[in-house]
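Remarks on the overall topology
Chain by chain, the residues:
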Amino acid sequence: MHATTVLCVRHQGKLVMAADGQVTFQNTVLKHTAKKIRRLYNEKILAGFAGATSDAFALFQRFEAKLEEYNGNISRAAVELSKDWRTDKVLRRLEAMLIVANEEKMYILSGTGDIIEPDENVLAIGSGGPYAMAAALALSRDTQLDARAIVEKAMAIAAEICIYTNTNFCIEEL
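Counting from 1, residues in each chain are numbered in the order their sequence is written. Given that the model is predicted, a residue must reach a pLDDT of at least 70 before its local features are reported, and side-chain atom pairs must reach 80 or more before they are shown or counted; all residues, however, enter totals for whole chains, interfaces and linings. Just so you know, side-chain values use all the structure's heavy atoms and leave hydrogens and water out.

**Side note on helix α3 (residues 129-142)**
Counted only if it meets this: Only DSSP runs of H or I covering at least 4 residues are called helices, and only runs of E covering at least 2 are called strands; the numbering of each starts at the N terminus. Expected helix span is given by 1.5 Å per residue-to-residue step, counting one fewer step than there are residues. Accessibility here uses a 1.4 Å probe with only protein chains present; expressed as a share of the type maximum, an area under 20% marks a residue as buried, one over 50% as exposed, and anything in between as partly exposed. The criterion used for residue contact is that any of the two residues' heavy atoms lie within 4.5 Å.
Taking 1.5 Å of rise per residue, the 14 residues of α3 would be expected to cover 20 Å, and the 20 Å separating its terminal C-alpha atoms lies within 8% of that figure. Of the residues making up α3, those classed as buried are Gly129, Ala132, Ala135, Ala136, Leu137, Leu139 and Ser140. Where α3 is buried, its residues meet β1 (6-11), β10 (122-125) and α4 (147-161).

Here it is in structure tokens:
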């Protein structure tokens, strides 16, 4: 996936997710202030997307339905969505990735059936994801910054490097 950066960090008891606001189509910036993060399941779960917007909205709806079906169990909802995503002929064509997180768990979900839980409490997706993740890992290991400050600084670094990432960040905390 290219054309965005979504970063999620759990640090010192706080969970923070951020996404840039840039929407591009080919080589044109169409929007600067898109909201790529949603609060789900009574605002207890954060979900962010990279990829095609309409596909991401479809996945948000399906993930939220799974959360309702499994009483907010993020792990079970992630597994069930991933199974559907991989096996359903229509869902399989969706071009997006999700980061979903609550106070205990965080995962990357992809259409290939991947459910990735990090070794460390940092996840990122999108074209600027590797830059944001590297910066967030370094900051979380070697500074006393809180989770929000780590996310803000890491996203700013990604925006300096990735042309598909801007500095209009949407930041959500649990």
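Read on, since the account is not over.
**As for the pattern of salt bridges**
Condition: Only one rule defines a salt bridge in this text: a Lys or Arg side-chain nitrogen within 4 Å of an Asp or Glu carboxyl oxygen.
Inspection of every chain in the model, using the stated rule, returns ten salt bridges. Notably, a salt bridge pairs glutamate 80 with arginine 76, separated by 3.2 Å at the nearest N-O pair. Residue glutamate 80 and its partner arginine 76 are both found in helix α2 (residues 74-87); the two are separated by four residues, about one turn of the helix. Take arginine 76: its relative accessible area is 40%, and that puts it in the partly exposed class. One salt bridge in this structure joins arginine 141 and glutamate 120, with 2.4 Å as the shortest N-O distance. With arginine 141 in helix α3 and glutamate 120 in the loop between β9 (115-116) and β10, this residue pair connects regions lying 21 residues apart in the sequence. Within this structure, Lys35, Arg39 and Glu172 form a network of salt bridges that share partners.

**Here's the deal with the packing of α3 against α4**
Short version of the rule: Inter-axis angles, ranging from 0 to 180 degrees, are taken between N-to-C directions of lines fitted to C-alpha atoms, where helices are fitted over the stretch in contact. By convention the crossing between two helices is left-handed if the near helix lies anticlockwise of the far one by an angle smaller than a right angle, and right-handed if it lies clockwise.
With their axes 8 Å apart at the nearest point, α3 and α4 run at an angle of 145 degrees to one another. Considering the relative orientation of α3 and α4, their crossing is right-handed. For the pair α3 and α4, the contacting residues are Tyr131, Ala132, Ala135, Ala136, Leu139 and Ser140 in the first and Ile150, Lys153, Ala154, Met155, Ile157, Ala158 and Ile161 in the second.

**Digging into the sheet that holds strand β7 (residues 96-101)**
Put simply, the rule is: Should DSSP find at least two bridges between two strands, the strands are taken to pair.
The five strands are arranged β5-β6-β7-β8-β9 in an open sheet whose pairing can be described as antiparallel. Of all strands in the sheet, those with a lone pairing partner are β5 (37-40) and β9, marking the two edges. In this structure, β7 lies alongside strand β8 (residues 106-110), joined through five bridges in antiparallel fashion. Residue methionine 97 lies in a different strand from β8, and its bridge partner there is serine 110. Docked against the sheet, helix α1 (residues 53-69) engages β5, β6 (45-51), β7 and β8, running at close to 155 degrees with respect to β6. Sitting on the sheet, α2 touches β6, β7, β8 and β9, and the angle it makes with β8 is about 10 degrees.

**Here's the deal with unusual backbone geometry**
Residue glutamine 12 is not a glycine yet carries a positive backbone phi of 50 degrees. Within the secondary structure, glutamine 12 is located in the loop between β1 and β2 (14-19). For glutamine 12, a relative accessible area of 48% puts it in the partly exposed group. Even without being glycine, asparagine 71 reaches a positive phi, approximately 50 degrees. Here asparagine 71 shows up in the loop between α1 and α2.

**Describing the sheet that holds β1**
Paired through their backbone hydrogen bonds, the strands of a sheet run either parallel or antiparallel. The strand order across the open sheet built from four strands is β10-β1-β2-β11, with neighbouring strands paired in antiparallel fashion. Looking at which strands have only one partner, the edges of the open sheet turn out to be β10 and β11 (170-173). Looking at each pair of strands side by side, their axes are set apart by 10 degrees on average, direction ignored. One ladder, built from six bridges, connects β1 with β2; its direction is antiparallel.

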